[in-house]
Amino acid sequence: MNKLLTLQDIDLHNKKVFLRVDYNVVSNGKIIDEFRVRASLPTIKYLLEQNCSIILASHNGRPEGKVVESMSLRPVARLLPRLLNRDVAFFDDCVGEEVSQEAEYLRAGDIVLLENLRFHPGEEANDKTFATQLANLAEVYINDAFAAIHRAHASTVGVAKLLPHAAGKLVQKEYDTFEMLMHKPPRPYTAIIGGAKISDKIEVLDELLKHVDALLIGGAMANTFLAALGNTMQKSLVEKSNFVDALKIIKLAKTKKVKLVLPTDVIVAKKIDSKQRGRIVPIDQLEKDDIALDIGPDTMKAFDKTVAESNTVFWNGTLGMAELSAFAKASDNLAHTMISSDAQTIVGGGDTAAFVDTQDLAEHFSFVSTGGGASLELLAGKKLPGIEVLLKK
Ligand code: ADP
Ligand code: 3PG
Ligand code: MG
């Protein structure tokens, strides 16, 4: 097994540290869930013990290289002092003259949070000049942004190559858990995939089929599969460009004798808001303007049955639009079925982890990962760019 460089492998004493974290938790100016922020605290505390000054850097949302005020990280800068019990400064940008000058003056124990890295196109392009500007702010690079470790961006790869580097405590814990899961999962092993990042996640399902005994599909991901099979999904979220992939996965599951479970019924509404109650319909009976926003009770039963027969269960992606209670029933049901089973239960994802965390269920799972796409890619056996640069040579 490949080993990661850890905090013990580099000299951190009195250093200025660029700490990449994943604080992709702000939506419309509000923090959706503190889970990922709390998960970053052990590394921050360790660095403080080493007399470091800390420059926290993260992306939030997908602003596509432009400043989008509602995607600012400022709300996280207001939360951190409460969690850490000390001051945390906020810089309005992540690069530039002013940021460089202020970073110069950081002293042991100082903590600053930079503004959203993705406000600059250089971040996602892994631009060399942008990475150099970030690297020049600090002496050491630590990556604790597990949820973004599958991205080959300036702050996850570029900066690591320019500074002495290591994985933070969270990345290390996540990596160790998934390595264990990949190499010796107690069988039968079931993966449940839902959510809305369809094109990102569908790409690795064929690889995942090499590892699991059963694959259960929910969320908007399921809508895409159902539409690819010829069902009329009306106004539901569907990614047409992924129909070919979806059909390929259905075929591959048959060849590999992996049990594939798709919804037979869904909960629909004509509008998306908190007043909707939702109607249960079989998947071939959606009416005009219906939006499938959760999987239905028959499908839930089928999921429960497979989960009860499993010894390892991995879940990523909410089964419906769980932010609205009317469409959170299937996710809630699955969470309870998982925690009452004796299986190894692993949950991953920004929204999925947030969901179980806000229901106060997180501690009942074997492990709750902060990564969605990242954990899925690891489980599919892919090499992840942010991990590759942190491996011991
Ligand atoms: P994660 O963050 O856990 O990796 P995703 O970001 O892929 O998961 O998906 C979570 C999002 O998927 C949630 O915001 C949820 O509202 C959305 N979602 C789930 N099911 C549906 C659906 N049927 N239609 C629209 N959105 C959905
Ligand atoms: C996530 O929430 O899955 C991570 O922060 C990665 O975000 P991204 O899919 O926009 O790169
Ligand atoms: Mg998400």
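Throughout what follows, the structure given in this document is the object of discussion. In this text, all values refer to a predicted model and were calculated from it rather than measured experimentally.

With that settled, consider the overall build of the protein. Summing up its helical and strand segments, the protein has 17 helices and 17 strands in all. Relative to the compact-globule value of 21 Å for 393 residues, the protein shows a C-alpha radius of gyration of 21 Å, a close match. Put simply, 74% of the contacts in the protein that link residues at least 6 apart link residues at least 24 apart.

With parallel pairing, 6 strands are arranged side by side in an open sheet as β5-β6-β4-β1-β7-β8. Only two strands of the sheet have a single partner each, and these edge strands are β5 (89-90) and β8 (165-167). Pairing analysis gives 5 bridges linking strand β1 (residues 16-20) to strand β4 (residues 53-57), with the strands arranged parallel. Bridge assignment links Lys16 to a residue of β4, and that residue is Ser53. This element, helix α7 (residues 154-162), spans β1, β7 (140-143) and β8 of the sheet and lies at about 145° to β7.

Within the fold, Glu174 resides in helix α8 (residues 169-183). Despite its burial, Glu174 pairs with no opposite charge, the nearest such side chain being Lys173 at 7.5 Å. Sequence-distant contacts of Glu174, that is, excluding residues within four places in its chain, are made with Phe146, Phe367, Ser369, Thr370 and Gly371.

Looking now at the packing of helix α11 (residues 219-228) against helix α12 (residues 243-255). The geometry of α11 relative to α12 is characterised by a closest axis approach of 9 Å and an angle of 85° between their N-to-C directions. In this view, α11 runs roughly perpendicular relative to α12, as classed from their interaxial angle. Residue-level contacts link Thr224, Phe225, Ala227 and Ala228 of α11 to Phe243, Ala246, Leu247, Ile249 and Ile250 of α12. When its residues are assigned to classes, the contact of α11 with α12 shows 8 nonpolar, 1 polar and no charged.

Another aspect to go through is the pattern of salt bridges. In total, this model carries 22 salt bridges according to the counting rule given. Two residues, Asp11 and Lys15, come together in a salt bridge whose shortest N-O distance is 3.4 Å. Residue classification places Asp11 among the exposed residues on the basis of a relative accessible area of 51%. Across the salt bridge formed by Arg82 and Glu34, the nearest N and O atoms sit 3.2 Å from each other.

With that settled, consider the site of ligand 1. Around ligand 1, 20 residues are found, and the nearest of them are Ala196, Lys201, Glu323, Asp351 and Thr352. Here Glu323 contributes a side-chain N or O atom positioned 2.5 Å from an oxygen atom of ligand 1. One of the backbone nitrogen or oxygen atoms of Gly350 is found 3.2 Å away from an oxygen atom of ligand 1. Only α11, β14 (291-295) and α15 (350-358) provide two or more residues apiece to the shell around ligand 1. Looking at the shell around ligand 1 residue by residue, the class counts come to 5 nonpolar, 11 polar and 4 charged.

Conventions we followed
Counting restarts for each chain: residues are numbered from 1 in the order of the written sequence. All chains are assigned letters beginning at A, and all ligands numbers beginning at 1, according to the order in which they are written. The model is predicted, so local features are restricted to residues of pLDDT at least 70 and side-chain atom pairs to those at 80 or more, both for listing and for counting; the totals for chains, interfaces and linings are taken over all residues. With hydrogens and water excluded, all non-hydrogen atoms of the structure serve as input to the side-chain values. Numbering of helices and strands runs from the N terminus; a helix is a DSSP stretch of H or I covering at least four residues, while a strand is a stretch of E covering at least two. Between the two quantities, the radius of gyration covers C-alpha atoms and the globule rule is 2.2 Å times the number of residues to the power 0.38. Contact criterion: two residues are considered in contact whenever any of their non-hydrogen atoms come within 4.5 Å of each other. Paired strands, in this sense, are two strands between which DSSP finds at least two bridges. Axis lines are fitted through C-alpha atoms, for helices just across the contact stretch, and the angle between N-to-C directions can take any value from 0 to 180 degrees. A 1.4 Å probe rolled over the protein chains alone gives each residue an accessible area, and that area as a share of the maximum for its type sets the label: buried under 20%, exposed over 50%, partly exposed in between. When charges are counted, Lys and Arg contribute as positive and Asp and Glu as negative, whereas His and the chain ends are disregarded. Salt bridges are defined as contacts in which a side-chain nitrogen from Lys or Arg sits within 4 Å of a carboxyl oxygen from Asp or Glu. Note on angle classes: values under 35 degrees are labelled roughly parallel, values over 145 roughly antiparallel, values of 65 to 115 roughly perpendicular, and the remainder oblique. Charged means Asp, Glu, Lys or Arg here, nonpolar means Ala, Val, Leu, Ile, Met, Phe, Trp, Tyr, Cys or Pro, and polar covers whatever is left, Gly included. Whether a residue is near a molecule or strand is decided by its heavy atoms; if any one of them lies within 4 Å of it, the residue is near. In protein, a polar contact requires one atom able to donate a hydrogen and another able to accept it; more generally it is a pair of N or O atoms within 3.5 Å, and residues adjacent in sequence count only if both atoms are side-chain atoms.

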